[in-house]
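Secondary and tertiary structure notes
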Amino acid sequence: MIRRTPFSALLALALLTGAAPALAQSAKFEPGTRSGPFVATAKSLSDLVGDGYRIRGNLGTALILQKGASVFSCQIPPDPENLDFKPYFVCAELNELPRAPEGRAQPPRSGH
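Please read these numbers as outputs of a predicted model, since none were measured by experiment.

**Regarding the overall build of the protein chain**
- Scanning the protein chain from terminus to terminus reveals two helices and eight strands.
- Burial status across the protein chain gives 29% buried among its 112 residues.
- Considering only contacts within the protein chain whose residues lie at least 6 apart along the sequence, 43% involve residues at least 24 apart.
- Looking at the protein chain as shown, the accessible area adds up to about 8000 Å², and 56% of this sits on carbon and sulfur atoms.

The following block contains the structure:
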């Protein structure tokens, strides 16, 4: 028989273990790195929940947190060297680039 652990129990475990503040090894998850409309931050999942952000859903493997107009995406980064995942969340803030006027190129984005 397969037993499923409730998501809320897993989230509570992640918050209580204090594993969230660790920084990712991969350059893709370094604070300030852009991936599409999201910019990686040094904020942890527990920081955001403590600041009043609420989990509103998921986007792929990331949790989406919101407080007013502010939106964050938090995910457990993969560790490609060990084919495993890190034991903490990396959170990125939604920070879209403004649209370029017609005929002008938009600044390049780092990451994908």
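What follows continues from the structure just given.
**Focus: the state of the cysteines**
- Taken as a whole and assessed by the stated rule, the structure comprises one disulfide.
- Between Cys-74 and Cys-91 runs a disulfide, and the two sulfur atoms are separated by 2.1 Å. Note on the Cys-74 and Cys-91 pair: the S-S dihedral is about 115 degrees, so by sign convention the disulfide is right-handed. With Cys-74 in strand 5 (residues 70-75) and Cys-91 in strand 8 (residues 90-94), this pair connects stretches of sequence that are 17 residues apart.
- The exposure class assigned to Cys-74 is buried, which follows from its relative accessible area of 0%.
- The buried category is assigned to Cys-91, whose relative accessible area is 0%.

**Thoughts on the side chain of Ser-44**
- Relative to the helices and strands, Ser-44 resides in the loop between strand 2 (38-40) and helix 2 (45-50).
- In this structure Ser-44 comes out as buried when scored by relative accessible area, which is 2%.
- Here the side chain of Ser-44 touches Asp-47 through a polar contact of 3.1 Å, landing on its backbone nitrogen.

**A closer look at the environment of Lys-43**
- Following the sequence through the fold, Lys-43 ends up in the loop between strand 2 and helix 2.
- Each C-alpha atom of the pair Lys-43 and Phe-89 lies 9.4 Å from the other, and the pair is 46 residues apart in sequence.
- Excluding anything up to four places from it in sequence, Lys-43 contacts Leu-48, Phe-72 and Cys-91.

**Some points on the confidence of the model for the protein chain**
- In this model, the protein chain carries a mean pLDDT of 74, and residues with pLDDT of at least 70 account for 66%.
- Here residues 1-5 scores under 50 on pLDDT; set against residues more than four positions off or in separate chains, the count is one contact.
- A low-confidence stretch, residues 7-25 (pLDDT under 50), is modelled with 28 contacts involving residues beyond four sequence positions or located in other chains.

**Section: the sheet that holds strand 2**
- A sheet is described by the order of its strands in space; here six strands give the open sequence 1-2-8-5-4-3, paired in antiparallel fashion. The sheet is open, and its two borders are formed by strand 1 (34-35) and strand 3 (54-59), each paired with just one other strand.
- The sheet contact formed by strand 5 and strand 8 spans four bridges and is antiparallel. Note on strand 8: the bridge partner recorded for Gln-75 is Val-90.

**Some details on the nonpolar core**
- Membership of the largest hydrophobic core is limited to nine residues, which are Leu-45, Leu-48, Tyr-53, Leu-63, Leu-65, Phe-72, Cys-74, Phe-89 and Cys-91.
- Contributing elements (two or more residues each) for this core: helix 2, strand 4 (62-67) and strand 5.

Conventions we followed
- Residues numbered from 1 in each chain as written.
- Predicted model: local features only at pLDDT ≥ 70, side-chain atom pairs only at ≥ 80, totals over all residues.
- Heavy atoms only, no water.
- Helix = DSSP H or I, 4+ residues; strand = E, 2+ residues; numbered from the N terminus.
- Buried < 20%, exposed > 50% of the residue type's maximum accessible area, 1.4 Å probe, protein only.
- Contact = heavy atoms within 4.5 Å.
- Areas by Shrake-Rupley, 256 points an atom, 1.4 Å probe, with all protein chains shown as cover.
- Disulfide = S-S within 2.5 Å.
- Polar contact = N/O pair within 3.5 Å; in protein donor to acceptor, adjacent residues only side chain to side chain.
- pLDDT = per-residue confidence, 0-100.
- Pairing = 2+ DSSP bridges.
- Core = buried A, V, L, I, M, F, W, Y, C linked by side-chain atoms within 4.5 Å.

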